[in-house]
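Structural overview
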Amino acid sequence: GAGVSQSPSNKVTEKGKDVELRCDPISGHTALYWYRQRLGQGLEFLIYFQGNSAPDKSGLPSDRFSAERTGESVSTLTIQRTQQEDSAVYLCASSSTGLAGTGEYFGPGTRLTVT
Amino acid sequence: DQQVKQNSPSLSVQEGRISILNCDYTNSMFDYFLWYKKYPAEGPTFLISISSIKDKNEDGRFTVFLNKSAKHLSLHIVPSQPGDSAVYFCAASLGAGGTSYGKLTFGQGTILTVHP
């Protein structure tokens, strides 16, 4: 596809269950980031991948959160033992440069609801 | 601790008039600022940016102003059009040399409605 895609678009899960969110970046984009937006809040940085460099995980809120990306392909964000405060829209973005505002493209997001 | 704040959750403007969206920040180390626009069910899209070495950047109908001493930036849209109706986010980064890799701190967003 032409843009960043994310799946699923919506996910409702019970507290304590694990969830996996997927991001398909634009082909050839070396940079990929995950953000989340909780209700009434701004977008919150979670993790950043750039090529084969070690990812910047400084935004992950707890060790229940992890993300993987193989090369310049798909990324998955995994949340273990979900809590109600994990409910948010999870946004993925990719960029050919990694420089903010020069061509990063956001996906439509995955709306996660933890009941 | 909200380092970037948009204190107006919403703004309503008549078509053809000026829209002014405001943003305040607390971290004096931020040196690159951006505005994004978001339509429902879509991801944010980049609109305009400004480096901390400047106080104004203009792109067509969009102008961003930066007041470093006040830690305040604003986005002016003139003339406003109904298609501008969206959520607008300001964002800031700790980049160097006026650029930044993609780790951004966002405000909460302001819903702009432009009435025909």
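Everything numeric here is computed off the predicted structure, so don't read it as measured data. (Residues numbered from 1 in each chain as written. Chains lettered and ligands numbered in written order. Predicted model: local features only at pLDDT ≥ 70, side-chain atom pairs only at ≥ 80, totals over all residues. Heavy atoms only, no water.)

**Let's talk about the overall build of chain B**
For chain B, the helix and strand inventory stands at zero helices and 11 strands. Listing each helix as α and each strand as β along chain B from the N terminus yields β-β-β-β-β-β-β-β-β-β-β. Relative to the globule expectation of 13 Å for 116 residues, the C-alpha radius of gyration of chain B, 13 Å, shows essentially globular dimensions. Counting only residues that meet the buried cut, chain B has 47% of its 116 residues in that class. Taking the intrachain contacts of chain B between residues at least 6 apart in sequence as the baseline, contacts between residues at least 24 apart amount to 58%. (Helix = DSSP H or I, 4+ residues; strand = E, 2+ residues; numbered from the N terminus. Rg over C-alpha atoms; globule rule 2.2 N^0.38 Å. Buried < 20%, exposed > 50% of the residue type's maximum accessible area, 1.4 Å probe, protein only. Contact = heavy atoms within 4.5 Å.)

**Things to note about the confidence of the model for chain A**
The pLDDT averaged across chain A works out to 91; a share of 98% of its residues lies at or above 70. For chain A, per-element mean pLDDT is lowest for strand E9 (residues 105–106) of chain A, which scores 91, and highest for strand E7 (residues 75–79) of chain A, which scores 98. (pLDDT = per-residue confidence, 0-100.)

**Brief notes about the sheet that holds strand E7 (residues 62–67) of chain B**
In any sheet, the strands associate via hydrogen bonds between backbone groups, in a parallel or an antiparallel arrangement. Residues and elements named next belong to chain B. Judged by pairing direction, the sheet is antiparallel, and its five strands sit side by side in the order E1-E3-E8-E7-E6 without closing on themselves. A strand with exactly one partner marks an edge of an open sheet, and here the two such strands are strand E1 (4–5) and strand E6 (56–59). Across six bridges, the pairing between E7 and strand E8 (residues 72–77) is antiparallel. Note on E8: the bridge partner recorded for Val64 is Leu75. (Pairing = 2+ DSSP bridges.)

**Quick word on the pairing of strand E3 (residues 19–24) of chain A**
Residues and elements named next belong to chain A. Side chains Val19, Leu21 and Cys23 of E3 all project onto a buried face; the interleaved residues Glu20, Arg22 and Asp24 project onto a face where none is buried. Strand direction decides the pairing type here: strand E1 (residues 5–7) and E3, joined by three bridges, are antiparallel. Counterpart to Gln6 in the pairing with E3 is Cys23. When E3 meets E7, the two strands line up antiparallel, connected through five bridges. The partner of Leu21 across the bridge, within E7, is Leu77.

**Here's the deal with the sheet that holds E3(A)**
Residue and element names in this part refer to chain A. With antiparallel pairing, four strands are arranged side by side in an open sheet as E1-E3-E7-E6. In the strand order of this sheet, the two ends are held by E1 and strand E6 (65–69), each with one partner. Direction aside, neighbouring strands of the sheet carry axes that sit 15° apart on average. Pairing geometry for E6 and E7, over five bridges, is antiparallel. The residue bridging Phe65 from the neighbouring strand is Ile79, located in E7. (Axes fitted to C-alpha atoms, helices over the stretch in contact; angles between N-to-C directions.)

**So, the nonpolar core**
B:Phe33, B:Trp35, B:Leu73, B:Leu75 and B:Tyr88 are the most contacted members of the largest nonpolar core, which has 23 residues in total. Contributions of two or more residues to this core are made by strand E3 (19–25), strand E4 (32–38), strand E5 (45–51), E7, E8, strand E9 (86–93) and strand E11 (110–115) of chain B. Here this core gets four residues from one element, more than from any other, and that element is E9(B). Among residues more than four places away in sequence, those in contact with B:Phe33 are B:Tyr25, B:Ile48, B:Ser49, B:Ile50, B:Ser52, B:Leu66, B:Leu73, B:Ala91 and B:Ala92. The next biggest cluster of nonpolar side chains, apart from the first, holds 20 residues, and it includes A:Ile26, A:Ala67, A:Leu77 and A:Ala88. (Core = buried A, V, L, I, M, F, W, Y, C linked by side-chain atoms within 4.5 Å.)

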